[in-house]
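For reference, the chains in residue letters:
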Amino acid sequence: MINWLRRVDPAFYHKEPHLLRTQARIARYTEEAQAEVRCSVLTADRMLHAATTIVALSAYAAATGVGALDPRGDWPTVWAFAVLAVAAPSALPWWPRPDEGAWWRHALIGSALITIPAVWSRIDPAVLSIALLVGATLYVARGRGRVALLVLAVGVLFGVRMPAHPLFVAPLVGVLAAGAGILGVRLIARVWRLRPQVVTWSAFATLLVACAYTFAFDAPAVALRVPAEIAAIAVAYLCVCIMAGRIRRAELMARPDGVLSIPQSIVPLLDRSHDHAIICWLA
Amino acid sequence: MERPSRIKLTIAPPIGIAVLGASLVAATIAGVPHPALRALVVFAVAFPLLWIALATTLSYTTARALRTAGVEVPSRTHAMGSFRLALTLAHGGHAFPAIGVLTSARFSTAGVVVDAGPWAEIPVVEAGRAGTSRWDVMAKRRGMLLVGPFSAAVELPGSAIRATAVFEATHAVTVLPAVYHLQPFVDALLAGRHVAAGRFQTLPVATEEYVGAREYRPGDSPKLIHRVLSLRTRDPDQFYVREFQDPSRDDLSLVLDTAPPLDGDAALHRYRLEKAVCFVSALCRIFAARRLTVRFVCQRGARDVVTLRLRPLNADLDRLEMELAQLDLRGDRATLGRVLLGEVRRHGAAVIFVSLRPREQVEQQRLPIVTLTPDHVPVFTREVVWQ
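Rules used throughout
- Residues numbered from 1 in each chain as written.
- Chains lettered and ligands numbered in written order.
- Predicted model: local features only at pLDDT ≥ 70, side-chain atom pairs only at ≥ 80, totals over all residues.
- Heavy atoms only, no water.
- Helix = DSSP H or I, 4+ residues; strand = E, 2+ residues; numbered from the N terminus.
- Areas by Shrake-Rupley, 256 points an atom, 1.4 Å probe, with all protein chains shown as cover.
- pLDDT = per-residue confidence, 0-100.
- Contact = heavy atoms within 4.5 Å.
- Buried < 20%, exposed > 50% of the residue type's maximum accessible area, 1.4 Å probe, protein only.
- Lys, Arg positive; Asp, Glu negative; His and termini not counted.
- Salt bridge = Lys/Arg side-chain N within 4 Å of Asp/Glu carboxyl O.
- Phe/Tyr/Trp six-rings, centres within 6.5 Å; stacked < 30°, edge-to-face > 60°.
- Lys NZ or Arg CZ within 6 Å of the ring centre and 35° of its normal.
- Polar contact = N/O pair within 3.5 Å; in protein donor to acceptor, adjacent residues only side chain to side chain.
- Pairing = 2+ DSSP bridges.
- Axes fitted to C-alpha atoms, helices over the stretch in contact; angles between N-to-C directions.
- Expected span 1.5 Å × (residues − 1).
- Bend = angle between axes of the 7 residues up to and from the residue.
- Parallel < 35°, antiparallel > 145°, perpendicular 65-115°, else oblique.
- Left-handed = near helix turned anticlockwise from the far one by under 90°.
- Nonpolar A, V, L, I, M, F, W, Y, C, P; charged D, E, K, R; others polar.

Enquirer: A description of the overall build of chain A should follow, citing residues and the corresponding values.
Expert: Helix and strand counts for chain A stand at 12 helices and 2 strands. In the form shown here, chain A has an accessible surface area of approximately 13900 Å², with 69% of it arising from carbon and sulfur atoms.

Enquirer: Give me unusual backbone geometry: which residues, what numbers.
Expert: Residue and element names in this part refer to chain B. Of note, the bond from glycine 148 into proline 149 is cis; its omega dihedral lies within 30 degrees of zero at 0°. Here proline 149 lies in strand β9 (residues 143–154). Positioned with a positive phi, arginine 303 is a non-glycine residue whose angle comes to about 55°. Mapped onto the elements, arginine 303 comes out in the loop between β16 (294–301) and β17 (304–310).

Enquirer: Tell me what's going on with the confidence of the model for chain B, and back it up with residues and numbers.
Expert: Taken residue by residue, chain B gives an average pLDDT of 83. The fraction at 70 or more is 91%. Within the model, pLDDT remains below 50 along residues 194–201 of chain B, and this stretch shows 19 contacts once partners closer than five positions in the same chain are excluded.

Enquirer: Break down the side chain of arginine 67 of chain B for me, with residues and values.
Expert: Residue and element names in this part refer to chain B. With respect to the helices and strands, arginine 67 occurs in strand β2 (residues 66–72). Although buried, arginine 67 forms no salt bridge, and the nearest oppositely charged side chain, glutamate 2, lies 10 Å from it. Residues within four places of arginine 67 in sequence aside, it is in contact with Met1, Glu2, Arg3, Pro4, Thr88, Leu89, Ala90 and Phe167.

Enquirer: Which residues make up the packing of aromatic side chains, and what are the values?
Expert: For any two aromatic rings, the description comes down to two numbers: the centre-to-centre distance and the angle of the planes. Inspection of every chain in the model, using the stated rule, returns 7 aromatic pairs over all chains. When the centroid spacing of 4.7 Å and the interplanar angle of 45° are considered together, the rings of tryptophan 104 of chain A and tyrosine 139 of chain A count as tilted. Taken together, the residues span a long stretch of sequence, with tryptophan 104 of chain A in helix α6 (residues 102–119) and tyrosine 139 of chain A in helix α7 (residues 125–140) at a distance of 35 residues. Overall, the relative accessible area of 53% leaves tryptophan 104 of chain A in the exposed class. When the ring centre of tryptophan 119 of chain B is taken as reference, the NZ or CZ atom of arginine 162 of chain B above it lies at 5.3 Å.

Enquirer: Quick rundown of the side chain of serine 202 of chain A? Include the residues and the values.
Expert: The topology assignment puts serine 202 of chain A in helix α10 (residues 198–217). Looking at serine 202 of chain A, its side chain comes within polar contact range of the main-chain oxygen of valine 198 of chain A, at 2.9 Å.

Enquirer: So, the pattern of salt bridges: which residues are in play, and what are the values?
Expert: On inspection of all chains with the given rule, the structure shows 20 salt bridges over all chains. Salt-bridge contacts for aspartate 257 of chain B lead to arginine 357 of chain B; the nearest nitrogen and oxygen are separated by 3.0 Å. Highlighted residues: aspartate 257 of chain B in the loop between β15 (252–256) and α5 (266–289) and arginine 357 of chain B in the loop between β18 (350–354) and α8 (362–366), separated in sequence by 100 residues. Judged by relative accessible area, which is 8%, arginine 357 of chain B ranks as buried. As a salt-bridge pair, arginine 300 of chain B and glutamate 323 of chain B come within 2.8 Å of each other at their nearest N and O atoms. Of this pair, arginine 300 of chain B sits in strand β16 while glutamate 323 of chain B sits in helix α6 (residues 314–325), and the two are 23 residues apart along the sequence. Here arginine 300 of chain B falls in the partly exposed class, since its relative accessible area comes to 32%. Counted as one network, the salt bridges with shared partners bring together Arg195, Arg248 and Glu251 of chain A together with Glu155 and Arg162 of chain B.

Enquirer: Outline the sheet that holds β16 of chain B, listing residues and values.
Expert: Residues and elements named next belong to chain B. Across the sheet, which stays open at both edges, the 5 strands sit in the order β17-β16-β15-β18-β19 with mixed pairing between neighbours. The open sheet terminates on both sides in strands that have one partner only, identified here as β17 and β19 (369–372). Each strand axis lies, on average, 20° off the axis of its neighbour in the sheet, ignoring direction. Sheet topology places β16 next to β17; 7 bridges connect them, and they run antiparallel. Counterpart to arginine 295 in the pairing with β17 is arginine 309.

Enquirer: So, helix α2 (residues 38–65) of chain B: which residues are in play, and what are the values?
Expert: Here α2 of chain B spans 39 Å end to end across 28 residues, near enough to the 40 Å set by a 1.5 Å rise per residue. Maximal helix bending in α2 of chain B amounts to about 30°, located at alanine 46 of chain B; proline proline 48 of chain B follows within four positions.

Enquirer: Describe the packing of α10 of chain A against helix α1 (residues 14–31) of chain B, naming the residues involved and giving the relevant values.
Expert: The N-to-C vectors of α10 of chain A and α1 of chain B enclose an angle of 20°; their axes lie 8 Å apart at closest approach. Taken together, the axis directions place α10 of chain A and α1 of chain B in an arrangement best described as roughly parallel. For the crossing formed where α10 of chain A meets α1 of chain B, the hand is left-handed. Judged by residue contacts, Val198, Trp201, Phe204, Ala205, Leu208, Val209, Ala212, Phe215 and Ala216 of chain A of α10 of chain A engage Gly16, Ile17, Val19, Leu20, Ser23, Leu24, Ala26, Ala27, Ala30 and Gly31 of chain B from α1 of chain B. Residues of the contact of α10 of chain A with α1 of chain B, tallied by class, amount to 16 nonpolar, 3 polar and no charged.

Written out as structure tokens, the structure is:
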């Protein structure tokens, strides 16, 4: 008996858990961890970015009546829509960090949005000035300036439709719209990490709000190009469906590949530290 | 094929429904006063509604049409070992395939429940066809593991609901003790066991086999002296004799302590019990390999002492493992003392007592038994087998 006891490895009870733990898989099983992984999958998804961009550009086309809105007369509205179409997607949580050339690209896209529809009618210094203004604001507004630019654009959109002078009403409406927008975004942001499909519904809602704005304030101009308008909205809707599919893919990719049972206070078996009764993982 | 016993519906977040509903109303109100825009308004409003309605309907009908075509689960497994679990789902619908079916199983054992996945995906199950999802499960707790109910969730992108078909059938898996591999020198437990009950060793007969060596005691036959081992010792007066035994004799008793602790350290005691159970199982396998017949005795509950006669047969070892799988700390000291005394009194019985206490008790020291404390288990254990 004494001989046996001499063979006892004093470190056995300390080594054993480490030896056993190497065999157990630790899974990403918290909701928050899953949300992080999901977000990183979305950030790396180029098709999602392309679909988001197309949704934004199609929404711009639908909101401006596919070129029916005259940049010379309604320049604040056109400016605001162009700014929103270019800047809003990059404010989304899955959008990758902008590189050096991103600001130039945004400025060029913004200018092109104004210029290209005018090719069919007439390009004059007024149109070029608006295009330049859009490009300049998109190039200049970076970081937090982008948020301010989005708020300003929403403010302009609603401010110019107010009976009073836009210069006085736009800031007030801008603040109200920004407050409402921040509230809505925060509510959705709280949900979307856990239920990312809410983004699909929000995208549909954004497109419908843009349509509602156009129906309410620019109906005569839009009525001239209903088929093109339907086509633009259809493209936007289809891209929203693609977005929904990509988000679903991210959900599947980010789901945990294994779970552990809740650790117990009573040690059930051999390893005393890694005391999960059941471990299950995908085969 | 088993139909889902119920369909659990999880509604989309209210904020999403509210935002979309409000925007639909806004678009409708803004478009109604303009007859020229009627087609545009109808399209703009109808498309999201139709998409959501279609996705919702398909999610629900697909979940209802799912059937379990089979569950592949073993009836028993060893603790620390993993087994493959497979669920085959058939699609009983006729029209649309089931897309993106996520399946999950619930596991429960002695108060521990895992019902949060992991969700295994079956990408597409066409109508009338079947798809299978698989998991690897490792059960670390000895006893009964219940697998089920199974869940199959369908949520198409844009759907307002997540429809989860729940199949209530539950499958029981007996989790046997973990498999220990013991050191070869565990044979030392058998050396000297004949003397334990006052039996004197004589010359071996034809049916007996060599089991080990022990120190020479007065009365031993000089013919049994192990010359090689004796020459190796430094003391010239120290000798070792060889021991023989008849493997078919039922003269080896293995008693397992199942009495709860007196000091209240239940966690540590439970830990020791688990190790002792696995050790006893491994020890019996070793004895069976040597063609020994063992009497296994332990207390299963109040006034419930179980005695198994284990011949070197797989069926007997299976019986032992099934018995060990259900053991818990339900013994008492008085019964344990009586059991030990009874085993010692059996003529010629050598008794190995696997104790849960770190030290031998006084009453046990008086008995001619081999007591293995929790400190001995690691000494004799070479490794735990992970399957």
